[in-house]
Amino acid sequence: MSADASSEFVRLLRSQRVWDTELPPFDPGAAPDEPLPLFERWFAEAVAAGQTEPHAVSLATADEDGLPDVRTVMLHGADTEGWSFASHATSRKGRQLAARPYAALGFYWPAQGRQIRLRGPVTVAPAEAGQADLHARSTGALAAALVGHQSEVLPSQEELERRSAAAWSQAEREPTTPVPTWTLYHLRPDEAEFFQGDAHRRHVRLNYRRMNGAWVTELLWP
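Parameters and conventions
- Residues numbered from 1 in each chain as written.
- Predicted model: local features only at pLDDT ≥ 70, side-chain atom pairs only at ≥ 80, totals over all residues.
- Heavy atoms only, no water.
- Helix = DSSP H or I, 4+ residues; strand = E, 2+ residues; numbered from the N terminus.
- Buried < 20%, exposed > 50% of the residue type's maximum accessible area, 1.4 Å probe, protein only.
- Areas by Shrake-Rupley, 256 points an atom, 1.4 Å probe, with all protein chains shown as cover.
- Lys, Arg positive; Asp, Glu negative; His and termini not counted.
- Charge placed at Lys NZ, Arg CZ, Asp CG, Glu CD.
- Core = buried A, V, L, I, M, F, W, Y, C linked by side-chain atoms within 4.5 Å.
- Contact = heavy atoms within 4.5 Å.
- Salt bridge = Lys/Arg side-chain N within 4 Å of Asp/Glu carboxyl O.
- Pairing = 2+ DSSP bridges.

Side note on the overall build of the chain
When helices and strands are tallied, the chain shows six helices and ten strands. Overall size of the chain, expressed as C-alpha extent along the three principal axes, is 55 × 55 × 40 Å. A total of 222 residues make up the chain; the buried ones form 35% of that total. Surface exposure of the chain reaches about 13200 Å², of which carbon and sulfur atoms provide 53%. For the chain, the distance from the average position of its 22 positive side-chain charges to the average position of its 29 negative side-chain charges is 4 Å.

Structure representation (structure tokens):
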């Protein structure tokens, strides 16, 4: 990259605004004793604020050598079992979770200057739960799952188009077609941090930690 191009990039980068909106207040003293009710409340408020794709979440895993990896997935649920997402067991993330069943999730909702960070052990739901999850989704989701080969090397774009067309046809004809590798995962957090941005950079960070089977809370410096 030339010096001119680099300086133009830096100028563009530094011109971007952060949280160019009115940020909501957050009183950590009034937060519930467990993170799940607060997550559900913040999620509903993100939807009401017009946050696009609030169910999109960054999933961080590590491979057998401990090297980190991250990608964006969709949240499929949140309850006492944990925060749920799904993928092929044969995908890169599936192989990494099999080797190291511990992960982190990161939600970012700039419409309200909020982040939520979770990390903890990951368990695999029963196979029937994974299939039910898949078949409750759209035809396109089933078609994508039927294509398979996630994270493998793709010989050509034409090969993807051919397999995708066949998968769409099958998904429309047989909407309950099983996909054996499709797996539902639950992340049960050991830690859950709720971050509320502040225009004066006095950000509020409320952290939940499991200790002796119960949740304890603490404030963190910004």
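Overview of the nonpolar core
Residues Phe85 and Phe107 are the most contacted members of the largest nonpolar core, which totals 28 residues. Elements that contribute at least two residues to this core include exactly α2 (35–48), β1 (56–62), β4 (82–88), β5 (102–109), β6 (114–124), β7 (182–187), β8 (191–196) and β9 (204–211). At five residues, the largest contribution of residues to this core is made by α2. For Phe85, the residues in contact, after removing those within four places along its chain, are Leu59, Val73, Met74, His76, Leu97, Leu105, Val122, Thr183, Leu184, Tyr185 and Leu187. Residues Ala125, Ala143, Ala145 and Trp182 belong to the second largest nonpolar core, which totals twelve residues.

Looking at the pattern of salt bridges
Here the structure, examined in full by the defined rule, presents 13 salt bridges. For the salt bridge of Asp20 with Arg17, the shortest nitrogen-to-oxygen distance reads 3.6 Å. The pair formed by Asp20 and Arg17 is uniform in burial state, with each residue classed as exposed. One connected set of salt bridges, linked through shared partners, spans Arg41, Glu45 and Arg114.

Describing the pairing of β9
Consecutive side chains of a regular strand alternate in pointing toward one face of the sheet and then the other. Taken together, the six bridges between β8 and β9 define a ladder with antiparallel strand orientation. If you follow Glu193 over to β9, its bridge partner there is Asn207.

Some remarks on the pairing of β6
Where β5 and β6 come together, eight bridges link them in antiparallel fashion. Each bridged residue has a counterpart across the sheet, and for Ala103 the counterpart in β6 is Gly120. Between the end of β5 and the start of β6, which pair antiparallel, lie four residues, with Gly113 showing a positive phi angle near 65°. Sheet topology places β6 next to β7; three bridges connect them, and they run antiparallel. Bridging from a neighbouring strand, Val122 pairs with Leu187 of β7.

Topic: unusual backbone geometry
A negative phi angle is the norm for most residues apart from glycine, just as the trans form is the norm for most peptide bonds. Backbone geometry at Ser151 places phi at a positive 80°, although glycine is not the residue there. Even without being a glycine, Arg201 presents a positive backbone phi close to 65°.

Topic: the side chain of Gln131
Tracing the backbone through its elements, the reader meets Gln131 in helix α4 (residues 127–135). Looking at Gln131, the relative accessible area reads 16%, which means it is buried.

What about the side chain of Thr61?
Residue position: Thr61 is located in strand β1. Of the residues examined, Thr61 reaches a relative accessible area of 5% and is grouped as buried. Here Thr61 is in contact with Leu67, Pro68, Asp69, Arg71, Gln96, Leu97 and Ala103, once residues within four sequence places are set aside.

Quick notes on the environment of Ala89
Within the secondary structure layout, Ala89 lies in the loop between β4 and α3 (92–99). Placed 91 residues apart in sequence, Ala89 and Pro180 show a C-alpha to C-alpha distance of 8.9 Å. With residues up to four places along the chain from it excluded, the contact list for Ala89 reads Gly94, Arg95, Thr181, Thr183 and Tyr185.

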